[in-house]
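# Descriptive analysis of the structure
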Amino acid sequence: MQNQWNNGMNQYPPYNNGDNGNDKGKKQFILGLMIGIFVTLLLSLLTTGVVGLGRGMKQLKDIRAHKESVTGGSVTDADVVQKLGILEETIQEYFWQDVDNATLEEGVYRGILASLDDPYSVYYTEEELLALQEQTQGIYYGIGAYISQDVETGYVQISKIIKNTPAEESDLMQGDYIYEINGESMYNKESSYVVSKIKGEEGTYVTITVLRSGESQPLDIEVERRKIESPTVEYEMHDNHVAYIQITEFDAVTSSQFEEALGQAKAAGMQGLIIDLRSNPGGNLSTVCEIARMLLPKGLIVYTEDKYGEREEYTCNGQNEIDVPLVVLTNGYSASASEILAGAIKDYGIGKLVGTTTYGKGIVQKVINLSDGSAMKITVSTYYTPNGNNIHQIGIDPDVEVAFDAEQYQNGIDNQLETAKQVLGEMMN
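My aim in this report is to walk through the structure given alongside it, one point at a time. (Residues numbered from 1 in each chain as written. Predicted model: local features only at pLDDT ≥ 70, side-chain atom pairs only at ≥ 80, totals over all residues. Heavy atoms only, no water.)

## Focus on the packing of helix α9 (residues 285–292) against helix α10 (residues 337–348)
Running from N to C, α9 and α10 point in directions that differ by 25°, and their axes come no closer than 9 Å. With respect to α10, the axis of α9 lies roughly parallel. The handedness of the crossing between α9 and α10 comes out as right-handed. In contact with Leu285, Val288, Ile291 and Ala292 of α9, α10 contributes Ala337, Ile340 and Leu341. A class-by-class count of the residues in the contact of α9 with α10 yields seven nonpolar, no polar and no charged. (Axes fitted to C-alpha atoms, helices over the stretch in contact; angles between N-to-C directions. Helix = DSSP H or I, 4+ residues; strand = E, 2+ residues; numbered from the N terminus. Parallel < 35°, antiparallel > 145°, perpendicular 65-115°, else oblique. Left-handed = near helix turned anticlockwise from the far one by under 90°. Contact = heavy atoms within 4.5 Å. Nonpolar A, V, L, I, M, F, W, Y, C, P; charged D, E, K, R; others polar.)

So, in structure tokens, the structure goes:
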């Protein structure tokens, strides 16, 4: 799921790999590496525009006090550096294959973030970062499928397939778990890493091995990569002047697409609105706030709190509050930014939620660029709905619960959408 902040980018201090031909060089390299990581984390607190200098100094003091009282030391302690050197030397001497220093380097970076035991805090290589940035723009070279992180199984799952794309033309299905890509296991891989392996040059092919309910063995499916221009918003006008707008994810292009769809609906005489957030994995915080400002009354959209109790609020001026009955469709794949919008609509009572309980991702990540082209994404805060609800690992319950009926859907009937129409009809009357 795309759930990050892109503000407050910090720069990573340049480092020297040292002389790999002697023990002293290795130890200097490792010491420099670990100090660099530690200094970066401190600089991210001291220099980020979001935190500010005064708050950064407070955090530095809190970190020092916390470290002394809880951890008893630093990852740059001499004993730790010495042990890292022993590990490296042992690997180089005994491991059954040759390992280059770049691989070990990358392993250190990934490992320090993996130690947080947070599936959303990860290290990105330059290639992976470019794939992440591309994904948030809504235009990419890939197969045309949305995926969601499933922490319980350790695999990402295909949550939606875009119409008129290679994914739709293939044998891939919504609900498939991505087991391997080109023979590489995707177990416990972060969703952005999986995306980076699926994407590639236009006209090339990728073999995706999936686990599917009802199938005893994994299935190998070859899919062509093509240019995909993500239609993140779809609009239809139904009977009785009911407008239907589906938002598939919150990318940079989504707010303008939603504004256009909402304008078309109003011009067509909209008397009721259904917003479909089912299987929407989230996306940009700024985008969902822009869309919320087209719907909500004056007040809070969402607020966040970090571990120091610092609160940041995102508000709406209420000048574009929706004036027709509203229903929002949700399911277990509606996550993060989707839950921000659904939660605010429910808290203000300006619409009803229909479907099933949302995913329950109530934490916020920030992407911090490093000077060598790589980056780290780290969880920085918890977010709360306007009424102060923390929905992390809980989700948002619908006002009208109705499970998705796959059998009816195969026969051309979307039972959740039909229920939404019924609920909206009662509100309109």
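Once you've had a look at it, read on.
## Describing the pairing of strand β13 (residues 272–276)
Among the five residues of β13, five are classified as buried, and the element is accordingly described as predominantly covered. Burial of β13 is two-sided: the residues Gly272, Ile274 and Asp276 facing one way and the residues Leu273 and Ile275 facing the other way are all buried. As judged from the five bridges shared by strand β12 (residues 242–247) and β13, these two strands associate in the parallel manner. Of the residues in β13, the one forming a bridge with glutamine 246 is aspartate 276. As a crossover connection, the stretch from β12 through helix α8 (residues 254–267) into β13 is right-handed. One ladder, built from four bridges, connects β13 with strand β16 (residues 326–330); its direction is parallel. Paired with isoleucine 274 across the bridge in β16 is valine 327. (Buried < 20%, exposed > 50% of the residue type's maximum accessible area, 1.4 Å probe, protein only. Pairing = 2+ DSSP bridges. Right-handed = clockwise from strand over helix to strand, strands pointing away.)

## Quick look at the nonpolar core
Ranked by internal contacts, the top residues of the largest apolar core, which has 41 residues, are Phe258, Leu273, Ile275 and Leu341. Examining the composition of this core, we find that six residues originate from one element, α10, more than from any other. Non-local contacts of phenylalanine 258, meaning those with residues more than four positions away in its chain, are made with Val233, Ile245, Ile247, Ile275, Ile291, Met294 and Leu295. By size, the runner-up hydrophobic cluster in this structure holds 20 residues, among which are Ile181, Val195, Ile221 and Val223. (Core = buried A, V, L, I, M, F, W, Y, C linked by side-chain atoms within 4.5 Å.)

## A look at the packing of aromatic side chains
Under the definition given, this model contains five aromatic pairs. The interplanar angle of 15° and the centroid separation of 5.1 Å between the aromatic rings of tyrosine 303 and tyrosine 384 together place this pair among those described as stacked. With tyrosine 303 in strand β14 (residues 299–305) and tyrosine 384 in strand β19 (residues 375–384), the pair connects residues that are 81 residues apart, well separated along the chain. For tyrosine 384, a relative accessible area of 17% corresponds to the buried category. A centroid spacing of 5.3 Å and a plane angle of 55° characterise the contact between phenylalanine 404 and tyrosine 409, whose relative ring orientation is tilted. Three or more aromatic residues joined by ring pairs form one cluster here, namely Tyr155, Tyr179 and Tyr187. Of note, lysine 189 hangs over the ring of tyrosine 193, and the distance from its end group to the ring centre comes to 4.9 Å. Between the NZ or CZ atom of arginine 311 and the centre of the ring of tyrosine 303, over which it lies, the distance is 3.6 Å. (Phe/Tyr/Trp six-rings, centres within 6.5 Å; stacked < 30°, edge-to-face > 60°. Lys NZ or Arg CZ within 6 Å of the ring centre and 35° of its normal.)

## Observations concerning helix α12 (residues 415–428)
Taking 1.5 Å as the rise per residue, α12 with 14 residues should run 20 Å; its terminal C-alpha atoms sit 20 Å apart, in good agreement. Listed in full, the buried residues belonging to α12 are Asn415, Gln416, Leu417, Thr419, Ala420, Val423 and Leu424. (Expected span 1.5 Å × (residues − 1).)

## Here's the deal with helix α7 (residues 191–198)
Taking burial as the measure, the eight residues of α7 include seven buried ones, the bulk of the element. Along α7, the positions that sit buried rather than exposed are Ser191, Ser192, Tyr193, Val194, Val195, Ser196 and Ile198.

## Re the sheet that holds β13
Strand pairing in a sheet is mediated by backbone hydrogen bonds. Such pairs are either parallel or antiparallel. Here we have six strands laid out as an open sheet, ordered β11-β12-β13-β16-β17-β20, and mixed in their pairing. Of all the strands in the sheet, the pair left with one neighbour each is β11 (233–238) and β20 (400–401). Set on the sheet, α12 makes contact with β11, β12, β13, β16, β17 (352–355) and β20; between it and β16 the angle comes to about 160°.

## Side note on the environment of serine 338
Here serine 338 lies in helix α10. When the C-alpha atoms of serine 338 and threonine 358 are compared, they prove to be 8.6 Å apart, with 20 residues separating the residues in sequence. For serine 338, the residues in contact, after removing those within four places along its chain, are Phe250, Leu277, Asn280 and Gly282. In terms of polar contacts, serine 338 uses its side chain to reach the side chain of asparagine 280, at 3.0 Å. (Polar contact = N/O pair within 3.5 Å; in protein donor to acceptor, adjacent residues only side chain to side chain.)

## Concerning a nonpolar patch on the surface
Residues Ile91, Phe95 and Trp96 make up a contiguous nonpolar surface patch of about 360 Å² in total accessible area. By the element assignment, isoleucine 91 lies in helix α3 (residues 78–94). Assessed through its relative accessible area of 32%, isoleucine 91 is described here as partly exposed. (Patch = residues over 30% accessible without salt bridge, like charges linked within 9 Å, V, L, I, M, F, W, Y side chains within 5 Å. Areas by Shrake-Rupley, 256 points an atom, 1.4 Å probe, with all protein chains shown as cover. Salt bridge = Lys/Arg side-chain N within 4 Å of Asp/Glu carboxyl O.)

## Some details on the side chain of serine 192
Summarising the element assignment, serine 192 is placed in helix α7. Using a relative accessible area of 4% as the deciding quantity, one classes serine 192 as buried. Polar contacts involving the side chain of serine 192 include one to the side chain of glutamate 190, which spans 2.3 Å. The residues contacting serine 192, other than those within four sequence positions of it, are Tyr124 and Leu132.

## Things to note about the pairing of β11
For β11 and β12, the ladder comprises six bridges, and the chain directions are antiparallel. Bridging from a neighbouring strand, glutamate 236 pairs with tyrosine 244 of β12. Between the end of β11 and the start of β12, which pair antiparallel, lie three residues, with asparagine 240 showing a positive phi angle near 60°.

## Quick word on the packing of α8 against α9
Interhelical geometry of α8 versus α9 gives an angle of 20° and a closest axis separation of 9 Å. When the axis of α8 is compared with that of α9, the two are roughly parallel. Our pair here, α8 against α9, has a crossing hand that is right-handed. Listed contacts from α9 to Thr254, Ser255 and Phe258 of α8 are Thr287, Glu290 and Ile291. Residues belonging to the contact of α8 with α9 are distributed by class as follows: two nonpolar, three polar and one charged.

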